Amino acid sequence: MSVFTDETRERAREIIARYPADRSRSALLPLLHLVQAEEGYVSPAGVTFCAEVLGLNKAQVGAVATFYTMYKRKPTGDFLVSVCTNTMCNVLGGQEVYDTLSEHLGVGHDETTADGTITLEHAECLAACDYGPVMTVNYDFFDGVDASTAVGVVDELRAGGRPMPTRGARLCTLKEMAVQLAGFADEREGAVADGGPGEPTLRGLRLAQEHGVSVPGFDPNTPIRSKAEADKAAAEAKAKAEAAKPAPVEASAAPIKGGDGASAPTGAAGVGEPAKPADATGPAKPAEATGPAKPADASGSTTRDVKAPDDKSPQVRTAETRQPDAGTAVPDAPGTKVPTDGTGTAPEAGDARSAEAAGVAANAPAGDGKPAGDEAGAQERNLTEAKAGTDADGAGPADANETGAQK
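So, here's what we can say about the structure. All values derive from a computational prediction rather than experimental measurement.

Criteria and thresholds
Residues numbered from 1 in each chain as written. Predicted model: local features only at pLDDT ≥ 70, side-chain atom pairs only at ≥ 80, totals over all residues. Heavy atoms only, no water. Patch = residues over 30% accessible without salt bridge, like charges linked within 9 Å, V, L, I, M, F, W, Y side chains within 5 Å. Areas by Shrake-Rupley, 256 points an atom, 1.4 Å probe, with all protein chains shown as cover. Salt bridge = Lys/Arg side-chain N within 4 Å of Asp/Glu carboxyl O. Helix = DSSP H or I, 4+ residues; strand = E, 2+ residues; numbered from the N terminus. Buried < 20%, exposed > 50% of the residue type's maximum accessible area, 1.4 Å probe, protein only. Pairing = 2+ DSSP bridges. Axes fitted to C-alpha atoms, helices over the stretch in contact; angles between N-to-C directions. Left-handed = near helix turned anticlockwise from the far one by under 90°. Contact = heavy atoms within 4.5 Å. Nonpolar A, V, L, I, M, F, W, Y, C, P; charged D, E, K, R; others polar.

On the surface, Leu29, Phe67 and Tyr68 cluster together into a nonpolar patch covering about 320 Å² of accessible area. Positionally, Leu29 belongs in helix 2 (residues 28-39). According to the relative accessible area criterion, Leu29 is partly exposed, its value standing at 35%.

With respect to burial, strand 1 (residues 79-84) is a largely interior element, six of its six residues being buried. Here strand 1 shows no split at all, with Phe79, Val81 and Val83 on one side and Leu80, Ser82 and Cys84 on the other all buried. As defined by bridge partners, strand 1 adjoins strand 3 (residues 118-123) across six bridges and the pair is classed as parallel. Following the sheet pairing, Val83 is matched in strand 3 by His122. Strand direction decides the pairing type here: strand 1 and strand 4 (residues 135-137), joined by three bridges, are antiparallel. Residue Val81 lies in a different strand from strand 4, and its bridge partner there is Val137.

Another point: the packing of helix 6 (residues 94-105) against helix 7 (residues 147-158). Relative orientation of the contacting elements helix 6 and helix 7 amounts to 40 degrees, with a least axis distance of 9 Å. For the pair helix 6 and helix 7, the sense of crossing is right-handed. Contacts between helix 6 and helix 7 pair Val97, Thr100, Leu101, His104 and Leu105 from the former with Ala147, Ala150, Val151, Val154, Asp155 and Arg158 from the latter. By residue class, the composition of the contact of helix 6 with helix 7 is seven nonpolar, two polar and two charged.

Structure representation (C-alpha cells):
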C-alpha cells in the first residue's frame with residue numbers, strides 16, 4: 001500500500017496537468033521533488049509512485065533520481081548544510097569551513113547527525129564565487145562565512161532556531177523547500193523576501209562606471225518590443241531583401257556547347273551560328289542537342305545537372321580520389337585520375353596493398369580456438385605421450401602427464 005497522502009496525489013495530478021498529454025513524462029522532475037517533500041528523500045516507494053502516475057518503468061525513474069544530487073536516496077535531516085569547496089571558495093577558506101563543521105557535528109559528507117537535524121555535504125560549486133566562501137542551508141545562502149560563523153549557524157539550527165540567510169527569505173525545512181521546488185508557492189507569512197544585489201556583485205558595474213566602460217551603442221532606455229512588433233519588423237526586413245534581389249536571367253535558347261562539352265560563354269557564339277572547331281586540327285563539332293535548357297537559378301547559371309557515373313557514396317568516391325587504384329577507381333569520376341606507367345596501362349596494386357598482403361602471409365590466423373602463435377607440434381607430442389600411458393621407463397599415467405607438462 002502506498003505511503004503517500006491524498007494531498008500528495010492531488011498535487012501530482014496538478015503537476016502532470018501542466019504538461020501536454022503526450023509529454024506527461026516531462027513532469028518527472030517536479031514529481032520527484034514532491035515525493036521527497038513527503039518522505040524527506042526519494043524512497044523506493046517514491047520511485048514506484050512516480051512510475052505509476054506517469055506510465056514509466058521504475059528503471060527510467062531511478063535513472064533520473066540518481067543523476068541529480070538534489071534528489072536524496074536516503075533519509076536526510078531537516079536542514080541540508082552544503083559547503084562550497086570548489087576553487088574560489090577553497091582558496092578563501094571553504095575547505096577549512098567544511099572540515100571544522102565535520103569535526104564539530106561528528107559526521108562526514110552526505111551523513112546526518114544522530115538527532116536527524118542536519119545533513120552535511122560538500123558542494124563543488126554554489127554559483128556565488130563573488131561571496132566566497134559560501135554555504136547554503138536548504139539552498140539559501142550564507143555568504144562570506146568562516147569556520148566560527150558556520151559553527152554558530154549549525155548550533156542555532158540544532159537548538160531550534162532559524163538563522164536569517166544573507167540573501168533571500170527566512171529558512172524552511174528541506175521538506176518545505178521540496179514543495180517549492182515541485183512548483184508550489186510557499187504560503188508562510190513573509191516567505192517571499194525582497195533584496196537587491198550585494199556589493200561584490202555590483203563591483204564590476206562600479207568599475208565600468210568609474211572608467212567609462214560601456215557597450216557601444218547601448219541605450220538602456222530602449223523599449224523592449226512586443227512579439228507582434230518584432231514579427232512585423234522581421235516581415236518588413238524580409239520583403240525589403242526580396243525586393244533588392246536581381247531579376248533572374250531568362251534563357252532564350254539552349255546553350256551551345258564547345259568542343260569539351262561545356263556551355264559556350266555569353267557572346268562566344270551567337271544563337272544559330274555554327275559551332276567553332278575544338279582545335280586547329282580537328283573538324284568542327286556540331287552543337288549537341290541535349291534537350292530543353294535548364295531554367296536559370298539564383299546565380300543566373302543555365303548549366304545542366306550531370307548525373308554521376310555511378311551511385312557510389314561520397315565517402316567511397318573521396319577515398320578513390322585520394323588514392324586511386326586500378327581495381328577500384330572510376331576513370332570518369334569527378335576529380336579522379338588513374339595513374340599510368342607511361343603506356344596508358346594502370347599499374348598493379350600499390351605499396352600499401354603489397355605491405356598488407358605480406359603482413360597477412362606472415363601472420364596466419366589461429367584455428368581450433370587456439371591463440372595465435374601457439375605451436376601445434378608441441379601440443380600434439382604431449383597428447384601422444386599422455387595417451388601412451390607409460391613412457392620408456394615404465395612410468396604410470398600420472399608420471400607421463402607430469403613429463404608431458406615439463407616438456
